[in-house]
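Topology and contacts: notes
Residue strings, one per chain:
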Amino acid sequence: MQHRIIVLGAGYTGAIAAGRIAKRLRREDVAITLVNAEPDFVERVRMHQLATGQDLKPRPFSEMFAGTGVELRLATVTGIDVDRKTVAVIDANGAEELAYDTLVYALGSGWNDQGVPGTAEHAYEIASRPGALRLRERLARLDAGQTVVVVGGGLTGVEAATEIAEARPDLEVALVARGGLGDWLSPQGREHLRKVFGKLGITVYEHEAVTGVEADRVATADGNAIPAAVTVWTTGFAVHPIAKATTLEVTSTGQIVVDGTMRSVSHPDVYAVGDAAMAMGPGDKPLRMSCASGTLAAWQAADAIAARLSDGKLPNAPIRYFNQCISLGRKEGLIQYVTADDRAVRAILTGRLAAVYKELVCKGAAWGVANPTFGLPTRRRRVTREQAVAGSVVKALA
Ligand SMILES: Cc1cc2nc3c(=O)[nH]c(=O)nc-3n(C[C@H](O)[C@H](O)[C@H](O)COP(=O)(O)OP(=O)(O)OC[C@H]3O[C@@H](n4cnc5c(N)ncnc54)[C@H](O)[C@@H]3O)c2cc1C
């Protein structure tokens, strides 16, 4: 009897988890299905590059998972019943229900409009590929001198504003931040950011909250109106509502609450990784929605699932941060070194070297998805019979 493992979402974390579980367990003992809405891997960390007209390397899953034992199911997940252990999906052939013994939830996140009026109608987003492509098309039609306003002073906003300003020096680019520019960085990091923003001619509105978006402007809480031919909205990410509609324990924002092995605290046969999970990291702080921590969480989940199914030793690798790698266009960058719990330290790397470093990190992240055990040989463990049938027995009794 095969133990059925379904992984939902083939972004950075879901694809890594599926591939790594396949490397850890004997093929004949598990059926691993990876459900994703799109046929190729989306390098989400490069959406600002896609939006500014750069073409990304195609990464079809058919190549990535060929011969790995992971079966890709191209479909959209519409719901989950964690008590019946089923997933509802829909594809070109219609709706279907898939049964699982172990579920890994990795549906990631989308943009977060924070409920600000006018965003849905007028703002552009770069949290998804369709969003980035829509912005790309709009930017290409802008005339010289028109203004692009990026709302959000976090990592995504900073990367988007600098990328647009570098790619289109003929446009007026502005960034609106609720706090100060790069205020989470070290003084050295902040200074570098200001220098690059100055060089690229980006206007910065600090300590401003945007309260409304219109077709040609954004309104701020102070009563100001900032002209904007295009508004790019980057104020954080929001998870998809699917988990919240289940009996899983979730946070108020819909992230699945997990323990240190990325296992749901309410449903032991469900794991969650990446943006969709709420896991505590070093310093008892929730892990930030990022590839940086999501990748480590995906390794942890995959190793924990393999260990539990084969009566092996549970992993206990600490999930920690090392640096924040920020692209500032293609020629500049900022690597801000941080403590284990993500607080900036003095050390930074800047300039072209930082740009190259960031590029290597992005390439490495995509390589890591296709090589979830770094290409090292692994021993595939036998799934113990008790574990293999456990899920099915529960189902039969229900
Ligand atoms: C522009 C930008 C720059 C970024 N830069 C960085 C950075 O430099 N460093 C960093 O650490 N993080 C960065 N991030 C954040 C990082 O991209 C995310 O944290 C990361 O992608 C989360 O991985 P994930 O696997 O949880 O979700 P995702 O990568 O979003 O993957 C989710 C997958 O689920 C699929 N999916 C979603 N809903 C459904 C459904 N209903 N049915 C079927 N499939 C579905 C999606 O198609 C996707 O394949 C950046 C994000 C953006 C947008």
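Residues numbered from 1 in each chain as written. Predicted model: local features only at pLDDT ≥ 70, side-chain atom pairs only at ≥ 80, totals over all residues. Heavy atoms only, no water.

1. Some points on helix H8 (residues 291-309)
Here H8 spans 26 Å end to end across 19 residues, near enough to the 27 Å set by a 1.5 Å rise per residue. Across the 19 residues that make up H8, a large majority, 16, are buried. In this structure Ser290 caps H8, since a side-chain oxygen of it lies 3.5 Å from the backbone nitrogen of Ala292. (Helix = DSSP H or I, 4+ residues; strand = E, 2+ residues; numbered from the N terminus. Expected span 1.5 Å × (residues − 1). Buried < 20%, exposed > 50% of the residue type's maximum accessible area, 1.4 Å probe, protein only. Polar contact = N/O pair within 3.5 Å; in protein donor to acceptor, adjacent residues only side chain to side chain.)

2. Observations regarding the sheet that holds strand E13 (residues 210-214)
Taken in spatial order, the three strands make up an open sheet running E13-E14-E15, and their pairing is antiparallel. Of all strands in the sheet, those with a lone pairing partner are E13 and strand E15 (225-227), marking the two edges. The sheet shows a mean angle of 20° between the axes of neighbouring strands, direction not considered. Pairing of strand E14 (residues 217-220) with E15, which is carried by three bridges, proceeds in the antiparallel orientation. Of the residues in E15, the one forming a bridge with Val218 is Ile226. (Pairing = 2+ DSSP bridges. Axes fitted to C-alpha atoms, helices over the stretch in contact; angles between N-to-C directions.)

3. Quick notes on the site of the ligand
Not every one of the 33 residues close to the ligand is listed here, only the nearest: Thr13, Val77, Asp275, Cys291 and Lys358. Protein coverage of the free-state accessible area of the ligand, which is 1000 Å², stands at 89%. Mapped by element, the contributors of at least two residues to the shell around the ligand are helix H1 (12-24), helix H2 (47-51), strand E4 (76-81), helix H6 (155-167) and H8. Residue classes in the shell around the ligand are distributed as 17 nonpolar, 11 polar and five charged. (Near = heavy atom within 4 Å. Areas by Shrake-Rupley, 256 points an atom, 1.4 Å probe, with all protein chains shown as cover. Nonpolar A, V, L, I, M, F, W, Y, C, P; charged D, E, K, R; others polar.)

4. Things to note about the packing of aromatic side chains
Throughout the structure, instances matching the rule amount to four aromatic pairs. A centroid spacing of 5.0 Å and a plane angle of 85° characterise the contact between Tyr12 and Phe41, whose relative ring orientation is edge-to-face. Within this pair, whereas Tyr12 is found in helix H1, its partner Phe41 is found in the loop between strand E2 (30-36) and H2, the two being separated by 29 residues in sequence. Neither Tyr12 nor Phe41 differs from the other in exposure class; each is buried. What links up through ring pairs into an aromatic cluster is the set Tyr12, Phe41, Phe61 and Phe65. (Phe/Tyr/Trp six-rings, centres within 6.5 Å; stacked < 30°, edge-to-face > 60°.)

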